[in-house]
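# Examination of the molecular architecture
If you want the building blocks of each chain, they are given just below.
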Amino acid sequence: MNSSTFLPGNNDKTVRTQSTTFHIQPHSKQKVSYFHHKDVGNFHFGLQHPMKPHRLTLTNNLVLSYGLHKKMTVYCPPKATDDELMEFHETDYIKFLKEVTPENSEEFAEDFPKFNISEDCPIFEGLYDFCQIYAGASIGAAHQLASDGADICINWSGGLHHAKRFEASGFCFVNDIVLAIQHLLRFYPRVLYIDIDIHHGDGVQEAFYATDRVMTVSFHKYDSGSFFPGTGNISEIGYGLGKFFCLNVPLKDGIDDDSYVSLFKDVILDVRDHYQPSVIVLQCGADSLGKDRLGGFNISIKAHGECVKFIKSWQIPLLVLGGGGYRISNVARCWTYETGILLDTELQPELPQKNHYYNFFGPDFSLHPPLVRKMDNLNTRSELQKISQQVHELLRFLDGVPSVQMQELPGDLQGILDESDEELRDAREDQTVDVRGRKRLMWHDNEYFDGDSDNDKDDDQNMDVDLS
Ligand SMILES: [Zn+2]
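Every value quoted in this text rests on a predicted model; they were computed, and no experiment measured them.

With that settled, consider unusual backbone geometry. With an omega dihedral of -5°, the bond running from Phe228 to Pro229 counts as a cis peptide bond. Counting through the fold element by element, Pro229 comes out in the loop between strand E5 (214–221) and strand E6 (246–251). Of note, the bond from Gly362 into Pro363 is cis; its omega dihedral lies within 30 degrees of zero at 5°. Along the chain, the position of Pro363 falls in the loop between helix H11 (328–342) and helix H12 (381–400). Positive phi is not limited to glycine here, since Phe244 has a value of about 80°. Even without being glycine, Asp344 reaches a positive phi, approximately 55°. Tracing the backbone shows Asp344 in the loop between H11 and H12. Given 12 C-beta atoms within a 10 Å radius, Asp344 is considered exposed.

Now for the UniProt feature "active site" (unreviewed entry) in the protein. In the numbering used here, UniProt assigns the "active site" (unreviewed entry) feature to His162. Checked against the element boundaries, His162 lands in the loop between strand E3 (152–155) and helix H7 (176–184). Take His162: there are 29 C-beta atoms within 10 Å of it, and that puts it in the buried class.

Another point: the environment of Asn233. In this structure, Asn233 sits in the loop between E5 and E6. Look at Asn233 and you get partly exposed, because 18 C-beta atoms sit within 10 Å. Leave out the neighbours within four places in its chain, and Asn233 touches Tyr222, Asn248 and Pro250.

Okay, H11 next. For H11, which comprises 15 residues, the first-to-last C-alpha distance of 21 Å matches the rise-based estimate of 21 Å (1.5 Å per residue) to within 8%. Extensive coverage of H11 is indicated by the burial of 14 of its 15 residues.

Let's shift gears to the sheet that holds strand E1 (residues 32–35). An order of E2-E1-E3-E8-E7-E4-E5-E6 is seen for the 8 strands of this open sheet, with the pairing classed as parallel. The strands lining the two open edges of the sheet, one partner per strand, are strand E2 (73–75) and E6. Sheet twist, expressed as the average angle between the axes of neighbouring strands with direction ignored, equals 15°. Where E1 meets E3, 3 bridges bridge the pair, whose relative direction is parallel. Among the inter-strand pairings, Ser33 is bridged to a residue of E3, identified as Cys153.

Turning our eyes to something else, we now look at the confidence of the model for the protein. For the protein, mean pLDDT is 86; residues scoring 70 or higher make up 80% of the total. In this model residues 428–439 is a low-confidence stretch, pLDDT under 50, and it forms 13 contacts with partners more than four residues away in sequence or in other chains. Predicted confidence for residues 443–468 stays below pLDDT 50, and this span has 39 contacts to residues more than four positions away or in other chains.

This brings us to the pairing of E1. Of the two faces of E1, the one carrying Val32 and Tyr34 and the one carrying Ser33 and Phe35 are both buried. Bridge count for E1 against E2 is 3 bridges, and the pairing is parallel. What sits directly across from Ser33, in E2, is Thr73. In this fold, E1 hands off to helix H2 (residues 54–65), which returns the chain to E2; that crossover is right-handed.

Where helix H9 (residues 257–275) contacts helix H10 (residues 301–312), the two axes come as close as 9 Å, and the packing angle between them is 15°. Put simply, H9 runs roughly parallel to H10. Considering only the axes of H9 and H10, their crossing is right-handed. On H10, the residues that touch Asp257, Tyr260, Val261, Phe264 and Lys265 of H9 are Ala303, Glu306, Cys307 and Phe310. Residue composition of the contact of H9 with H10, grouped by class: 6 nonpolar, no polar and 3 charged.

Two elements in contact, H2 and H11, have axes whose closest approach is 8 Å; the angle formed by their N-to-C orientations is 40°. In terms of their interaxial angle, H2 and H11 are classed as oblique. Between H2 and H11 lies a crossing whose hand is right-handed. Residues His54, Arg55, Leu58, Thr59, Leu62 and Val63 of H2 form the contact with H11, whose own contacting residues are Ile328, Ser329, Val331, Ala332, Trp335, Thr336 and Thr339.

Here we take up H9. The first and last C-alpha atoms of H9 sit 26 Å apart over 19 residues, in line with the 27 Å expected at 1.5 Å per residue. Looking at H9, one finds that the buried residues are Ser259, Tyr260, Val261, Leu263, Phe264, Val267, Ile268, Val271 and Tyr275. Of the residues one or two after H9, Gln276 is the one with positive phi, at around 50°.

Our focus in this paragraph is the environment of Ile328. Its place among the elements puts Ile328 in helix H11. Look at Ile328 and you get buried, because 25 C-beta atoms sit within 10 Å. It is 9.6 Å that separates the C-alpha atoms of Ile328 and Asp287, two residues lying 41 residues apart in sequence.

Rules used throughout
- Residues numbered from 1 in each chain as written.
- Predicted model: local features only at pLDDT ≥ 70, side-chain atom pairs only at ≥ 80, totals over all residues.
- Helix = DSSP H or I, 4+ residues; strand = E, 2+ residues; numbered from the N terminus.
- Buried ≥ 20, exposed ≤ 12 C-beta atoms within 10 Å, placed from the backbone.
- UniProt positions renumbered as here; feature names shortened; annotations may be inferred.
- Contact = placed C-beta atoms within 7 Å.
- Expected span 1.5 Å × (residues − 1).
- Pairing = 2+ DSSP bridges.
- Axes fitted to C-alpha atoms, helices over the stretch in contact; angles between N-to-C directions.
- pLDDT = per-residue confidence, 0-100.
- Right-handed = clockwise from strand over helix to strand, strands pointing away.
- Parallel < 35°, antiparallel > 145°, perpendicular 65-115°, else oblique.
- Left-handed = near helix turned anticlockwise from the far one by under 90°.
- Nonpolar A, V, L, I, M, F, W, Y, C, P; charged D, E, K, R; others polar.

Rendered as structure tokens:
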């Protein structure tokens, strides 16, 4: 195969119409590779900052204490090089990230607005190392999949879906997901990206908005633009060759296990059947769990894991990444449980006591603590049915592309398409590819963030947030 056939930007229709399948042999055991860099948990965004890389150390320790490392190949991935990062990011931006430090930050202060350096995305000690480590792990994992070294690759330090080509956003400085997908596009005709973080996967959507080689599907909280990052309405459907290859499932606070899992399966099965992906990238942001400090859903670890299990059952090559997650003991529980799922290994519900960080998991010391808040599910049955119906109608267009205009449109769908066209017109007037109208919301504005000090520990008196 000539690898250049599948380079990003090559939208030759023959690529899409190939029926190449990369299914693993049915019933064969899926080979799993796990990427963890020993230093990735040692970085600190700052005292009051909700993003705590230490959650990665907690996760890795829990994975090891359950003995899961014996069932998969474990790699300490090399750091991404400058050139690798610049395959997506602007040279100026990478140069800036490489040079700026807390000590010399005053010299760079005038560049901060340009690169969106802020309270959310602060300059901290070792920032560039951190970026190279988590991005290197995702690129390494993508390479391992593409070279047939594994059927499933895991990098819990990746999944930082908000970073843009030329700026930081939402705690994300470089977009390891885009870099990994760019690598996969050299080997696979169609990449399906699925995002179950509570926040919209805006950076990945934006990067592949105009291509049919990558389909992005994001399930997230959407609140008429007021919840970070402000995008992810159902009307954002892609444009140009990418029109209909972008799908957004906007949800409201309080969604519960049954509603979430049934909608997820209903939507994503139809996506698979229409798009026929040759490889899947799954972003498993754990801030969609109940009791997260920034999120507002009511999902349990089992329900989150059920989404992972469902995708795994398709036996399509799979890259599994982390993402958000701000109740760090629950993040570690969730990603350990999901590592077990990916290894077909059931984990005992009592956490192993032989774990250096055992005390973080009290008072229950369980893999599945109750995560339900006392709050209503604001997603009514009829709203969820409407979303499902709209999504299925949009997916029908994947069969008809590019003869979209010839089809008769159901009433609701016409509204979505009109809105999408309007956004595109606005974007053209602005002469920018970003059709979403950039908004810079702060995560800290979120009502659920309790601003506790950075002691890298989840103490339980902070777990019940008063939402009245
Ligand atoms: Zn998030």
